[in-house]
Amino acid sequence: MSAIGNPVPSPTQTPKPGASAPFAAAPRRSRLWWLLLLVVIVAGGGLAAWLLKPQAKAPAGAVVVVQTVKVVSGTLERTIRVAGQTSARNYANIIAPLLRGPENRNSLILLKMIKSGTPVKKGDLLAQIDAQSAEDHIEDTNDTVQQAQNDVKKRLAEQAVEWENLQQTVRVAKAEFDKAAKEAQAAEVRTVVDQELLKLSAEEYEARYKQALADLPFKKESHRAELRLLAITNIRQDRHLERHVVDIKKYTIQSPMNGMAVAQSIWRGGDMAQTQEGDQVYPGQPIAKVVDLSNMQVEGVVNQTESDEFRIGQPARITLDAFPGAELKGKVYSIGALAVGGRMQNYYIRNIPVRVMIEGADPRLIPDLSAAAQVVIGRSEPNSTLVPLNAVTLEGGKTYAHIKKAENFEKREVQLGMRNGTHAVVLAGLTAGDEVRVN
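Since this is a predicted model, take the numbers as computed values, not measurements.

1. A few points about the overall build of the protein
A tally of regular secondary structure across the protein gives 3 helices and 24 strands. The burial tally for the protein puts 29% of its 439 residues in the buried class. Sequence-distant contacts, at least 24 apart, represent 76% of the contacts inside the protein between residues at least 6 apart. Of the roughly 29000 Å² of accessible surface on the protein, a fraction of 55% belongs to carbon and sulfur atoms.

In structure tokens form, the structure reads like this:
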């Protein structure tokens, strides 16, 4: 502590035991104040020395450099960027089969599944679904169909027996009626009571015979209705079996076209993942897609305020984020008619879907690549005079440029036409080769 010039305190009398010493901490507090004062003095001296230091002056004769550019001639293009992702124009969605059998609407198990990105040809195997339960059900349905056919044959035999019995009943009734009629004809030798009894007996047998004859068409129609009912049951079982036979053919899924197989994403254990062998899917659920890589496009959107600038057939330059050096040619072939909004955007923000067709094929093109298309919405005449936008200024509603003349610059009014983000077409005031100052 002596380094800061704090005087040594004079000796004091030793306090008596038990007596208080109220001023024992005073020497330490004074040392702290001296230390703070010294720091303030040093900092103030440094600040004063910096302020009083003479500033360096620019050497005499220094030249101020002014950046200039030359007016050039060429073709100016005005473009709008359409960001989106690549997709195939020609493709086929592969879904888990929609089964015709009403009892076969449970989940399906993929025994085989082609890997995503595999080239395929028409007819190649894409997926195979476990068909064991369907095959077991077909066996049961076959038994049911056979039983229905046997029921028809059995009922035919029973009806034949019933019809023969009915015919026999008619013949017996006819014989009894004929017998009673002949006995009634010989009633002259009988008493009046016997004659009346014979007459009543003949009438009774005649009524039985007529009733038996009348029952024949009804019984025949009854037999026909029973056979029709059994035939309908048989047809229903046949169609049931046919539905399952058609369904089991759908368990083998083949590619409907040439292209590349792309597996679809499904929920598996709470996460999204591509379909693979062993996954559980449901009828009608998309499981894959076959895309034609020779006919690709860029799917994007543009703000509705820029949609009136687009026309079908406008050329475009397409770039891929995954391949920075790639640049492909394309053209606009589809513009949406209605504006749509995104789920993560405000309601009043609306975009128009735009599709840009990629001309030609490229081995690097696959679906779902982030891409951008620079659509040319305007183009100047060839050999137009072009000036950078940072070389012109706007003053009082007029446009000016500073043209280099020897050691000075001449301020001149210019007229500009079409412009893009960097350059503008000069209509008057400048010519190719003029050197203008960059502002």
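Here the narrative resumes, following the displayed structure.
2. Some points on a negative patch on the surface
Taken together, the side chains of Asp-130, Glu-135, Asp-136, Glu-139, Asp-140 and Asp-143 present a region of like negative charge at the surface. Here Glu-135 is to be found in helix H2 (residues 132-185).

3. Observations regarding the nonpolar core
Of all hydrophobic cores here, the largest spans 25 residues; its most connected members are Val-82, Phe-310, Ile-318, Val-356, Ile-358, Ala-373 and Val-375. When contributions to this core are tallied by element, the ones reaching two or more residues are strand E3 (77-88), strand E9 (259-263), strand E14 (296-303), strand E15 (315-320), strand E16 (323-335), strand E17 (351-358) and strand E18 (370-379). In this structure Phe-310 touches Ile-80, Val-82, Val-302, Val-332, Ile-335 and Val-375, once residues within four positions along its chain are discounted. Ile-94, Val-120, Ile-129 and Val-281 belong to the second-largest nonpolar core, a separate cluster that totals 22 residues.

4. Some details on the pattern of salt bridges
Counted under the stated rule, the structure contains 16 salt bridges. Residue Glu-77 is joined to Arg-379 by a salt bridge in which the shortest nitrogen-to-oxygen separation is 2.8 Å. Here Arg-379 lies in strand E18 and Glu-77 lies in strand E3, a separation of 302 residues in the sequence. The partly exposed category is assigned to Glu-77, whose relative accessible area is 23%. Close ionic contact of Arg-171 with Glu-164 constitutes a salt bridge, the shortest N to O distance being 3.2 Å.

5. So, the pairing of strand E20 (residues 392-395)
Looking along a regular strand, one sees the side chains alternate between the two faces of the sheet. Taken together, the 4 bridges between E20 and strand E21 (residues 398-405) define a ladder with antiparallel strand orientation. Its bridge partner lying in E21, Leu-394 is registered against Thr-399. Remark: 2 residues form the turn of the hairpin made by E20 and E21, two consecutive strands paired antiparallel; Gly-396 in that turn has positive phi of roughly 60°.

6. Overview of the packing of aromatic side chains
Applying the stated criterion to the full structure yields 1 aromatic pair. The side chain of Arg-89 reaches across the aromatic face of Tyr-333, ending 4.1 Å from its centre. If you follow Arg-364 out to its NZ or CZ, it ends over the ring of Phe-323, 5.7 Å from the centre.

7. A closer look at the pairing of E14
Pairing between E3 and E14: 6 bridges, direction antiparallel. Counterpart to Gly-84 in the pairing with E14 is Gly-300.

8. What about the sheet that holds strand E13 (residues 286-291)?
Strand order in the open sheet made by the 4 strands is E4-E13-E9-E6, with antiparallel pairing throughout. Across the chains shown, the open sheet's two edge strands, defined by having one partner strand only, are strand E4 (91-95) and strand E6 (118-120). Ignoring which end each strand starts from, the neighbouring axes of this sheet average 30° apart. Where E6 and E9 come together, 3 bridges link them in antiparallel fashion. In the sheet register, Thr-118 faces E9, and the bridge partner there is Ala-261.

The rules behind each value
- Residues numbered from 1 in each chain as written.
- Predicted model: local features only at pLDDT ≥ 70, side-chain atom pairs only at ≥ 80, totals over all residues.
- Heavy atoms only, no water.
- Helix = DSSP H or I, 4+ residues; strand = E, 2+ residues; numbered from the N terminus.
- Buried < 20%, exposed > 50% of the residue type's maximum accessible area, 1.4 Å probe, protein only.
- Contact = heavy atoms within 4.5 Å.
- Areas by Shrake-Rupley, 256 points an atom, 1.4 Å probe, with all protein chains shown as cover.
- Patch = residues over 30% accessible without salt bridge, like charges linked within 9 Å, V, L, I, M, F, W, Y side chains within 5 Å.
- Salt bridge = Lys/Arg side-chain N within 4 Å of Asp/Glu carboxyl O.
- Lys, Arg positive; Asp, Glu negative; His and termini not counted.
- Charge placed at Lys NZ, Arg CZ, Asp CG, Glu CD.
- Core = buried A, V, L, I, M, F, W, Y, C linked by side-chain atoms within 4.5 Å.
- Pairing = 2+ DSSP bridges.
- Phe/Tyr/Trp six-rings, centres within 6.5 Å; stacked < 30°, edge-to-face > 60°.
- Lys NZ or Arg CZ within 6 Å of the ring centre and 35° of its normal.
- Axes fitted to C-alpha atoms, helices over the stretch in contact; angles between N-to-C directions.

Remember, this is a structural readout, not a statement about activity or role.
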